[in-house]
Amino acid sequence: MSKPALRTKPQIVRSAAMVPLFAAMLLAGCAVGPTKEDPWEPFNRSMFSVHEAIDGAVLKPVAQGYVAIIPEPIRDAVSNVFGNINDFFSGLNSFLQGDGNRAGDAWGRVLLNTTMGIGGIFDLASMMGIKKDPNDFGITFGKWGFPQGPYLFVPGFGPTTVRDGTGYVVRLFIGPVGYIPDVPLRNSLYGLGYVDLRASALPVESVVETAAIDKYRFIRNAYLRARRYQFYNGHPPPEEDEDATPPAGAASPAPATASPPATPEAPPPATPEAPPPAK
Amino acid sequence: MSRIIALILLALPLGFVASPSRAQEAPDALVKRIAEETLAAIRADKDLQSGNPAKVKQLIEAKLVPHFDTSRMTALAMGRNWRAATPEQQKELTEQFKTLLIRTYSNALTNYRDNTMTYKALRMNPGDTEVVVRTEVSRSGAAPVPIDYSMEKTPEGWKAYDVVVAGVSLVTNYRDEFNDIVKSSGVDGLIKTLTEKNKGAPAK
């Protein structure tokens, strides 16, 4: 109420939600059997432990220090400048996916924010109702028919998959920060971008901490679902959800022991990120 | 100065709006009213903003919990294991899950007071008893996060039984966790895990 609400038409929700979620997952064992999406679970869990150790000792304190020392308007400006660059690549990916409308909106944002928003320092486009709409190479590759591949947890980076991770590497390679000839400046920008991303995850982190029973599993499942949602631009086809309603004719209450569930093992659900049929 | 004015302005409608009973308030109107009232309460109270646990919990129990069908949420999160639990176990599970959700919400709420919520037009037919209320949380410079509430009609008004944040369903995400735990240590094992978690054991 203290702020004017963004002027948004009631419209179809776009899957624009990955930034906070993804950032949340930059954060971050016990062992449960690997699932279909996570065949490398034992390896991933050990990488997760490595990440937690590094993060707790270095990354998180640095991000907390950044938030404590740097005033919010400056941090927002930093986020916006990096965000403006990302918007350009979001547009590029929407374009590569053949979605001219989304590409046009993203590039319109870049144009507006780069000029009137002074190099991207101000996100004027959001204030005018052109919402941020992230898109990336991982999704583009998926639309082109590449399967998601196994889930990966990369220390210092977070949850990803073989395909999404490849997309991220491509994104890093095409820059633009990598093309800055001055090495100290380039590295400072990489560092700043990293701290900015890690700091943006801080608020969500405590929520994950409270909500998750098994943090590794919680982050993995949330990541895969959120990516699926984003892949389908906010309109994922329903998952095969044989667990949703307790079976009506369920057997008599089974003893509450380690015995298997009374109902026979259901077939594994379809891979969440299976590439869609070509359209 | 403007803060004080905002505070007074916010406090006024709050006392006025909160009182009348509205058993059959439309689901989208309900979500909007509860969200606005809760945000207003947080903006008006320094203790809530600083995350005073007792006060936040009190707010959530008073404002939010009555509008959630926690037993249905628990049943959905249990999936096929729900029927395998005895009525006593079901009761205990519901209680523990509710506590976990309150704790989680307490944590989330105070973080998001600066955000703006927008409410999508509701698509609903007159006889519907289940609807999805779509909202979006926005913050300048960040992509909006869609938050959808799955709601059901009950004699006490509409109640939410699932919350889907950016495509991640609360109930489904917990179902994966619960399923694994029940598989390895049974329903009692799950109750024990939840109880410990609610006592403040850190996530593994």
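The rules behind these values
Residues numbered from 1 in each chain as written. Chains lettered and ligands numbered in written order. Predicted model: local features only at pLDDT ≥ 70, side-chain atom pairs only at ≥ 80, totals over all residues. Helix = DSSP H or I, 4+ residues; strand = E, 2+ residues; numbered from the N terminus. Buried ≥ 20, exposed ≤ 12 C-beta atoms within 10 Å, placed from the backbone. Pairing = 2+ DSSP bridges. Contact = placed C-beta atoms within 7 Å. Bend = angle between axes of the 7 residues up to and from the residue. Core = buried A, V, L, I, M, F, W, Y, C linked by C-beta atoms within 7 Å. pLDDT = per-residue confidence, 0-100. Expected span 1.5 Å × (residues − 1). Axes fitted to C-alpha atoms, helices over the stretch in contact; angles between N-to-C directions. Parallel < 35°, antiparallel > 145°, perpendicular 65-115°, else oblique. Left-handed = near helix turned anticlockwise from the far one by under 90°. Nonpolar A, V, L, I, M, F, W, Y, C, P; charged D, E, K, R; others polar.

1. So, the overall build of chain B
Item 1. Looking only at helices and strands, one finds seven helices and five strands in chain B.
Item 2. The N-to-C order of helical and strand elements in chain B reads α-α-α-α-α-α-β-β-β-β-β-α.

2. With respect to the overall build of chain A
Item 1. Along chain A, the regular secondary structure elements total nine helices and two strands.
Item 2. Tracing chain A from N to C terminus, the helices and strands come up as α-α-α-α-α-α-β-β-α-α-α.
Item 3. When each of the 279 residues of chain A is scored for burial, the buried share is 40%.

3. Focus: the sheet that holds strand β1 (residues 116-119) of chain B
Strand pairing in a sheet takes place through backbone hydrogen bonds and is either antiparallel or parallel in direction.
Residues and elements named next belong to chain B.
Item 1. Strand order across the open sheet formed by five strands is β1-β2-β3-β4-β5, with antiparallel pairing between neighbours. Because the sheet does not close on itself, it has two edges, and the strands there are β1 and β5 (168-169).
Item 2. With two bridges joining them, strand β4 (residues 157-165) and β5 adopt antiparallel strand pairing. If you follow V164 over to β5, its bridge partner there is S169.

4. As for the environment of B:V31
Residues and elements named next belong to chain B.
Item 1. Residue position: V31 is located in helix α2 (residues 27-43).
Item 2. Considering only alpha carbons, one finds V31 and L64, 33 residues apart in sequence, at a separation of 9.8 Å.
Item 3. Not counting residues up to four positions away in its chain, the partners in contact with V31 are V133, T135 and Y149.

5. Remarks on the pairing of strand β1 (residues 151-154) of chain A
Residue and element names in this part refer to chain A.
Item 1. Here four bridges tie β1 to strand β2 (residues 158-161), and the two strands are oriented antiparallel to one another. What sits directly across from L152, in β2, is T160.
Item 2. Counting the residues that bridge the hairpin from β1 to β2 gives three residues, and of these G156 lies at a positive phi of roughly 80 degrees.

6. Some points on helix α2 (residues 41-69) of chain A
Item 1. The largest bend along α2(A) measures about 55 degrees and falls at A:D55.
Item 2. Check the buried side of α2(A) and you find it contacts β1, α8 (183-211) and α9 (215-231) of chain A.

7. Things to note about the nonpolar core
The nonpolar side chains of soluble globular proteins are, as a tendency, buried together.
Item 1. Core analysis: the largest hydrophobic core is formed by 40 residues, its most contacted members being B:M73, B:A77, B:M78, B:F178 and B:L190.
Item 2. Going through the elements one at a time, α2, α4 (53-63), α5 (70-78), α6 (87-111), β3 (145-154), β4 and α7 (170-198) of chain B are the ones with two or more residues in this core.
Item 3. Ranked by residues supplied to this core, first place goes to α7(B) with ten residues.
Item 4. Excluding residues within four positions of it along the chain, B:M78 makes contact with B:A85, B:L93 and B:F178.
Item 5. Membership of the second largest hydrophobic core comes to 23 residues, among which are A:F153, A:A226, B:V164 and B:V165.

8. Quick word on the confidence of the model for chain A
Residues and elements named next belong to chain A.
Item 1. Of all residues in chain A, 73% attain a pLDDT of 70 or more, and the chain-wide mean is 78.
Item 2. Confidence, expressed as mean pLDDT per element, reaches its minimum in chain A at helix α1 (residues 18-26) with 40 and its maximum at β1 with 96.
Item 3. Counting interchain partners and residues more than four positions distant, the pLDDT-below-50 stretch residues 1-33 has 93 contacts.

9. Regarding unusual backbone geometry
All names here are of chain A.
Item 1. Of note in this structure, I118 is not a glycine but carries a positive phi near 50 degrees.
Item 2. Along the polypeptide, I118 turns up in the loop between α4 (100-115) and α5 (124-127).
Item 3. Residue I118 is classed as partly exposed on the basis of its 13 C-beta neighbours within 10 Å.

10. Here's the deal with α8(A)
Residues and elements named next belong to chain A.
Item 1. Here α8 is 29 residues long and its end C-alpha atoms lie 42 Å apart, about the 42 Å a rise of 1.5 Å per residue gives.
Item 2. A bend of about 45 degrees at P203 is the largest found in α8.
Item 3. The set of residues buried in α8 consists of D196, R198, A199, S200, A201, V204, E205, V208, T210 and A211.

11. Brief notes about the confidence of the model for chain B
Residues and elements named next belong to chain B.
Item 1. For chain B, mean pLDDT is 83; residues scoring 70 or higher make up 84% of the total.
Item 2. Here helix α1 (residues 2-18) stands out as the least confident element of chain B, with mean pLDDT 50; α5 is the most confident, with 93.
Item 3. Under a pLDDT of 50 for its full length, residues 12-23 has, in the predicted model, nine contacts with residues more than four places off or in other chains.

12. Here we look at the packing of α5(B) against α7(B)
Residues and elements named next belong to chain B.
Item 1. Contact pair α5 / α7: the axes reach a minimum separation of 7 Å and the direction vectors enclose 50 degrees. Here α5 is positioned oblique relative to α7, judged by the angle of their axes. The two elements α5 and α7 meet at a crossing, and its hand is right-handed. On α7, the residues that touch M73, L76, A77 and M78 of α5 are V171, Y174, R175 and F178.
Item 2. Partitioned by chemical class, the residues of the contact of α5 with α7 number seven nonpolar, no polar and one charged.

13. So, the environment of A:P147
Item 1. Relative to the elements of secondary structure, A:P147 occurs in the loop between α6 (137-143) and β1.
Item 2. Residues A:P147 and A:N93, 54 residues apart in the sequence, show an inter-C-alpha distance of 17 Å.

14. Observations concerning the packing of helix α3 (residues 72-96) of chain A against α4(A)
Residue and element names in this part refer to chain A.
Item 1. At a minimum axis distance of 7 Å, the contact between α3 and α4 shows a crossing angle of 155 degrees. Relative to α4, the element α3 lies roughly antiparallel. Note on packing geometry: the crossing formed by α3 with α4 is left-handed. Judged by residue contacts, N84, D87, F88, S90, G91, S94 and F95 of α3 engage R102, A103, A106, W107, R109, V110, N113 and T114 from α4.

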